[in-house]
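Coordinates in review
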Amino acid sequence: MTPEQKQIILATVPILKESGVALTTHFYKRMFEHNPELKNIFNMGNQKQGKQQNALAFAVLAYAENIADPTVLLPVVDRIGHKHTSLDIKPGQYQIVGEHLIASISELLGDKATPAIIDAWTAAYNQLAALMAGHEATIYQQQLNQANGWNGWRKFTIRKKVAESAEISSFYFYPSDNGKVSLHKPGQFISLKTFLPSLNLDQIRQYSISCAPNEEYYRISVKRETGAGIDTNGMISNRLHDHIEIGSEVELTAPAGNFVVPDEIDSPIMFISGGVGQTPFISMIQHVAKKQTGHPVTWLHGCRNRSVHAFKDSIDLLVNNHETIEQHIFYDHTTTEDANAGVRTGFLDIHSIANLEHTGNTLYYVCGPSPFIVKQVADLKQMGVDTKRILFEEFGPQTLQLN
Ligand SMILES: Cc1cc2nc3c(=O)[nH]c(=O)nc-3n(C[C@H](O)[C@H](O)[C@H](O)COP(=O)(O)OP(=O)(O)OC[C@H]3O[C@@H](n4cnc5c(N)ncnc54)[C@H](O)[C@@H]3O)c2cc1C
Ligand code: HEM
């Protein structure tokens with residue numbers, strides 16, 4: 001890009017940001033009209049909620065704002081790259097997105113869209129697309145280089161389905177080709193694709209792998225989503241619960257995601273989960289327990305009540321068998337029996353736990369609903385924890401900017 005083009009980008013960012021939602025809404029509408037096949041790739045639930053509209057084009061604008069030094073965005077490029085590879089996004093698709101994004105900018109700016117502005121934005125988009133597609137090529141290669149690794153969609157068959165609580169069930173997926181699976185990094189997720197008759201579309205959702213790494217199967221644990229205050233229940237989660245049975249086939253991509261424990265663990269770890277946000281930690285804690293690092297591991301978990309507390313017995317057992325692992329449970333509503341077992345009442349509040357050990361190098365992992373993450377990260381920061389040691393994962397397009 002020329003210095004003049006960079007100047008143009010910086011000058012037009014504020015105008016586009018001002019009309020950010022209009023831009024992104026127009027962009028998606030345009031793209032789905034011209035390329036309806038992409039509705040099979042994008043999460044139509046997120047589109048309804050407007051979540052993805054706030055993610056993709058705003059990432060482009062953030063890039064444009066940092067056009068002088070795009071390297072500051074590398075951690076974001078890595079996170080998006082893991083999500084994109086998990087969706088099997090191909091380099092050629094960047095051209096389609098670029099075409100609709102540039103056309104949307106042009107249509108939105110109207111008379112103000114001079115050829116110089118459109119050229120500058122085209123150059124900026126192409127540079128970002130090349131950066132992202134290049135990084136994604138590296139992740140695809142890493143997935144392929146792993147023992148039993150693969151790229152793209154692979155058929156899996158459900159061999160076991162287990163109710164873990166009143167609303168969470170586990171699904172065990174074995175490769176339909178009878179091959180083995182690659183070892184995931186504890187904390188990683190897979191994408192699951194299945195046909196949704198109600199939309200007449202394929203739909204894709206991400207699910208954290210909820211078992212220790214092994215070469216035979218992946219397990220996911222899915223919460224049945226009911227619309228809060230609306231009559232629309234979660235599309236894929238309810239389909240999995242109600243229609244996907246033993247013997248059913250779905251397609252999965254290889255494990256992806258960078259919300260993981262380090263290969264070599266040399267510090268204490270604290271997991272903080274709300275509700276189904278516990279799933280990545282089930283995998284992580286089994287792995288950490290097996291490694292016997294000698295460092296303390298603490299798990300704080302909050303959920304509504306005992307009936308929705310999944311994996312309680314297996315985690316109790318793990319804690320009882322490992323001196324270095326402890327847990328603290330919070331239920332919104334407790335019974336006398338819960339209270340006698342040490343369960344605290346109310347929303348998970350880290351300040352209310354006396355004698356919780358925090359060292360300067362403890363790693364904090366947070367996962368749960370967005371308001372839960374916001375509160376826990378704010379509490380940790382208030383306690384003086386360095387934001388570099390706080391990692392969090394949202395179960396949807398990442399919209400929180402907390403560190
Ligand atoms: C990295 C990652 C890991 C994840 N891991 C897990 C996991 O381990 N377990 C798990 O259960 N989930 C996990 N998720 C979430 C999962 O991917 C799905 O988002 C979840 O199952 C809901 O999908 P759905 O199709 O059932 O709901 P959707 O149909 O996509 O709907 C999502 C929510 O939006 C509401 N909604 C739908 N339509 C509207 C509307 N018109 N207006 C307002 N609200 C609406 C629904 O009621 C529902 O609550 C993870 C997500 C990510 C990104
Ligand atoms: C420079 C171009 C692009 C940028 C900046 C971008 C940015 C993003 C961001 C920020 C997210 C959310 C990531 C998260 O979960 O936190 C995302 C998700 C996604 N992207 Fe991209 N993206 C680009 C190109 C593409 C292309 C070419 C495709 C394929 C057509 C694509 C398809 C998707 C899909 C399907 C999702 C998940 C959507 C959802 O779950 O609703 N993106 N992208």
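This text gives an overview of the structure that appears in the document. Just so we're clear, the structure is a prediction, and the values are computed from it rather than from any experiment.

1. Considerations on the coordination of the iron atom of ligand 2
With respect to protein ligation, the iron atom of ligand 2 binds only His84 (NE2), at 2.1 Å. Relative to the helices and strands, histidine 84 is located in helix 5 (residues 74-86).

2. Let's talk about the pairing of strand 8 (residues 297-303)
For strand 8, the buried fraction is high: seven of the seven residues fall into the buried class. The parallel pair strand 7 (residues 269-274) and strand 8, bridged by helix 9 (residues 279-291), forms a crossover whose chirality is right-handed. Alignment of strand 8 against strand 9 (residues 325-331), held across seven bridges, turns out to be parallel. What sits directly across from cysteine 303, in strand 9, is tyrosine 331. In this region the chain leaves strand 8, passes through helix 10 (residues 312-321) and returns to the parallel neighbour strand 9; the handedness of that crossover is right-handed.

3. Some remarks on the site of ligand 2
In the neighbourhood of ligand 2, 24 residues make up the surrounding shell, with Asn46, Arg79, Lys83, His84 and Gln398 lying closest. A distance of 2.4 Å separates an oxygen atom of ligand 2 from a polar side-chain atom of arginine 79. Contact between ligand 2 and histidine 84: a nitrogen atom at 2.9 Å from a side-chain N or O atom of the residue. Looking at which element gives the most residues to the shell around ligand 2, the answer is helix 5, with four residues. Classifying every residue of the shell around ligand 2 gives 16 nonpolar, six polar and two charged.

4. What about the nonpolar core?
Formed by 42 residues in total, the largest nonpolar core has its most connected members in Met31, Phe42 and Trp121. By size, the runner-up hydrophobic cluster in this structure holds 24 residues, among which are Phe281, Ile285, Val297 and Cys367.

5. Overview of the packing of helix 2 (residues 20-34) against helix 4 (residues 56-65)
Interhelical geometry of helix 2 versus helix 4 gives an angle of 125° and a closest axis separation of 9 Å. With respect to each other, helix 2 and helix 4 are oriented oblique. Once helix 2 is placed against helix 4, the crossing between them reads as right-handed. Contact with helix 2, carried on its side by Gly20, Val21, Thr24, Phe27 and Tyr28, involves Leu56, Ala57 and Phe58 of helix 4 and no other residues of that element. A breakdown of the residues in the contact of helix 2 with helix 4 according to their chemical character gives six nonpolar, two polar and no charged.

6. So, the site of ligand 1
Taken together, the neighbourhood of ligand 1 is formed by 28 residues, with Gln206, Thr232, Ile236, Ser237 and Thr279 sitting nearest. Separating an oxygen atom of ligand 1 from a backbone N or O atom of lysine 223 is a distance of 2.8 Å. Measuring from an oxygen atom of ligand 1, one finds a backbone N or O atom of methionine 235 at 2.8 Å. Burial of ligand 1 by the protein chains amounts to 87% of its free accessible area of 960 Å². Listed by contribution, the elements that provide at least two residues to the shell around ligand 1 are helix 3 (44-49), strand 4 (201-208), strand 5 (218-223) and helix 8 (235-243).

7. Structural notes on the sheet that holds strand 1 (residues 154-163)
What the six strands build is an open sheet, ordered 4-3-6-1-2-5; its pairing is antiparallel. The open sheet is flanked by strand 4 and strand 5, the only strands paired with a single partner. This sheet shows a mean twist of 40° between the axes of neighbouring strands, independent of strand direction. Sheet analysis places strand 2 (residues 168-175) next to strand 5, joined by six bridges and oriented antiparallel.

8. Observations concerning unusual backbone geometry
Leaving glycine aside, a negative phi is the common case for residues, and trans is the common case for peptide bonds. Notably, asparagine 200 is not glycine yet its phi reads approximately 55°, a positive angle. With respect to the helices and strands, asparagine 200 occurs in the loop between strand 3 (189-196) and strand 4. One non-glycine residue, phenylalanine 311, lies in positive phi territory at about 60°. Residue classification places phenylalanine 311 among the buried positions, given a relative accessible area of 6%.

What counts as what
- Residues numbered from 1 in each chain as written.
- Chains lettered and ligands numbered in written order.
- Predicted model: local features only at pLDDT ≥ 70, side-chain atom pairs only at ≥ 80, totals over all residues.
- Heavy atoms only, no water.
- Donors = N, O, S within 2.8 Å, 3.2 Å for Na, K, Ca; no water.
- Helix = DSSP H or I, 4+ residues; strand = E, 2+ residues; numbered from the N terminus.
- Buried < 20%, exposed > 50% of the residue type's maximum accessible area, 1.4 Å probe, protein only.
- Right-handed = clockwise from strand over helix to strand, strands pointing away.
- Pairing = 2+ DSSP bridges.
- Near = heavy atom within 4 Å.
- Polar contact = N/O pair within 3.5 Å; in protein donor to acceptor, adjacent residues only side chain to side chain.
- Nonpolar A, V, L, I, M, F, W, Y, C, P; charged D, E, K, R; others polar.
- Core = buried A, V, L, I, M, F, W, Y, C linked by side-chain atoms within 4.5 Å.
- Axes fitted to C-alpha atoms, helices over the stretch in contact; angles between N-to-C directions.
- Parallel < 35°, antiparallel > 145°, perpendicular 65-115°, else oblique.
- Left-handed = near helix turned anticlockwise from the far one by under 90°.
- Contact = heavy atoms within 4.5 Å.
- Areas by Shrake-Rupley, 256 points an atom, 1.4 Å probe, with all protein chains shown as cover.

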